[in-house]
Amino acid sequence: MKGEALYGGKAKTVYATSDPKRYIVKFRDDITAFDAVKKANLKGKGYYNAQISAKLFKVLADNGISTHFIKMVSEDEMLVHACDMIKIEVIPRNIAAGSITKKYPFKEGEKFENPIIVMDYKNDAAHDPMLNDDIAITLGLVTEKELRKIRKIALRVNEVLQEYFDERGLVLPDFKLEFGKIDKKIVVADEISCDTMRLWKKGTGQSLDKDVFRFDKGDLLAAYEEAARLIVPEIFK
Ligand code: C5P
């Protein structure tokens with residue numbers, strides 16, 4: 001079933017399958033931060049991210065949001081629809097944290113009255129610079145209509161995830177989405193995992209996400225396991 005490796009990212013590898021319209025995404029145990037300056041390999045991380053991502057894609061589908069996810073084919077591999085990836089990282093932000101507090105005078109932990117959507121150009125060599133609509137359109141990354149659609153989907157995903165996490169004692173300060181196109185239809189692609197979200201425990205504000213690795217806040221695997229127990233409890237039965 002799994003064919004040649006087509007693309008290797010920092011934490012996932014995409015494989016061909018016998019069907020050119022379907023790929024397999026493997027979640028690896030590699031973890032990187034700060035433009036891949038900090039790196040590690042933590043056994044079991046790929047499993048938790050794959051399971052959390054699969055669950056959240058299912059939650060989105062249940063709420064009428066299209067994603068590339070089809071099904072899990074092993075503990076850390078998902079079968080997905082092949083998409084033309086849009087080279088934009090879309091980051092909905094509900095609470096100020098991370099880079100936005102370094103670039104602008106927002107205080108860490110400050111809640112935004114309305115979510116802020118930040119879009120970055122997905123380009124490692126250029127260190128993912130922030131986009132505005134004119135730059136994204138002029139670079140040919142998206143059309144104006146696609147940009148409107150992406151913003152609308154991102155806000156809806158943010159609502160659905162915030163509600164899902166709230167019910168489970170978690171807060172979602174921010175997360176990154178990537179989108180792909182299947183023919184002309186825009187779908188949520190890539191992953192939604194502890195590597196790509198900030199996830200805080202309600203009350204204590206304890207990080208259950210990649211900040212544990214970025215800032216040496218403790219045992220990353222324990223944090224991801226705790227997130228998985230809340231988000232996808234069925235895998236522990
Ligand atoms: O680094 P920054 O604070 O801008 O990150 C905002 C959110 O987007 C965080 O949840 C982070 O994990 C995620 N992100 C990501 N991939 C990137 C940049 C940010 O998943 N390349």
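Residues numbered from 1 in each chain as written. Predicted model: local features only at pLDDT ≥ 70, side-chain atom pairs only at ≥ 80, totals over all residues. Heavy atoms only, no water.

Looking at an unreviewed UniProt entry, one finds the chain named Phosphoribosylaminoimidazole-succinocarboxamide synthase and attributed to Methanooceanicella nereidis. Under the UniProt heading Pathway (unreviewed entry), the entry covering the chain gives this text: "Purine metabolism; IMP biosynthesis via de novo pathway; 5-amino-1-(5-phospho-D-ribosyl)imidazole-4-carboxamide from 5-amino-1-(5-phospho-D-ribosyl)imidazole-4-carboxylate: step 1/2." (UniProt positions renumbered as here; feature names shortened; annotations may be inferred.)

1. Focus: the overall build of the chain
From N to C terminus, the chain includes 6 helices and 14 strands. Relative to the compact-globule value of 18 Å for 237 residues, the chain shows a C-alpha radius of gyration of 17 Å, a close match. Each principal axis of the C-alpha distribution contributes one length, and for the chain these read about 45 × 45 × 35 Å. Expressed as a percentage of the 237 residues in the chain, the buried residues total 49%. Here the contacts in the chain between residues at least 6 apart in sequence split such that 56% fall between residues at least 24 apart. Just so you have it, the chain exposes about 12,100 Å², and 51% of that area is on carbon and sulfur atoms. If you average the places of the 40 positive and of the 38 negative side-chain charges in the chain, the two averages end up 2 Å apart. (Helix = DSSP H or I, 4+ residues; strand = E, 2+ residues; numbered from the N terminus. Rg over C-alpha atoms; globule rule 2.2 N^0.38 Å. Buried < 20%, exposed > 50% of the residue type's maximum accessible area, 1.4 Å probe, protein only. Contact = heavy atoms within 4.5 Å. Areas by Shrake-Rupley, 256 points an atom, 1.4 Å probe, with all protein chains shown as cover. Lys, Arg positive; Asp, Glu negative; His and termini not counted. Charge placed at Lys NZ, Arg CZ, Asp CG, Glu CD.)

2. Let's talk about the site of the ligand
Neighbouring residues of the ligand: 15 residues in total, closest Glu-89, Arg-93, Ser-99, Asp-174 and Arg-198. Within the side chain of Glu-89, one N or O atom sits 2.9 Å away from a nitrogen atom of the ligand. Taking Arg-93, its side chain carries an N or O atom lying 2.6 Å from an oxygen atom of the ligand. Considering the ligand on its own, with 460 Å² of exposed area, one finds that the protein chains cover 81% of that surface. Of all the secondary structure elements, the ones that give two or more residues to the shell around the ligand are strand 9 (88-95), strand 11 (170-175) and strand 14 (197-201). (Near = heavy atom within 4 Å. Polar contact = N/O pair within 3.5 Å; in protein donor to acceptor, adjacent residues only side chain to side chain.)

3. Details of the pairing of strand 3 (residues 22-27)
Successive side chains on a regular strand alternate, one facing one side of the sheet and the next facing the other. By the bridge criterion, 5 bridges tie strand 2 (residues 12-17) to strand 3 in an arrangement that is antiparallel. Bridge pairing in strand 3 places Lys-12 opposite Phe-27. Between strand 2 and the antiparallel strand that follows it, strand 3, lie 4 residues. Summarising the sheet, strand 3 and strand 7 (residues 77-81) pair through 5 bridges and their orientation is antiparallel. (Pairing = 2+ DSSP bridges.)

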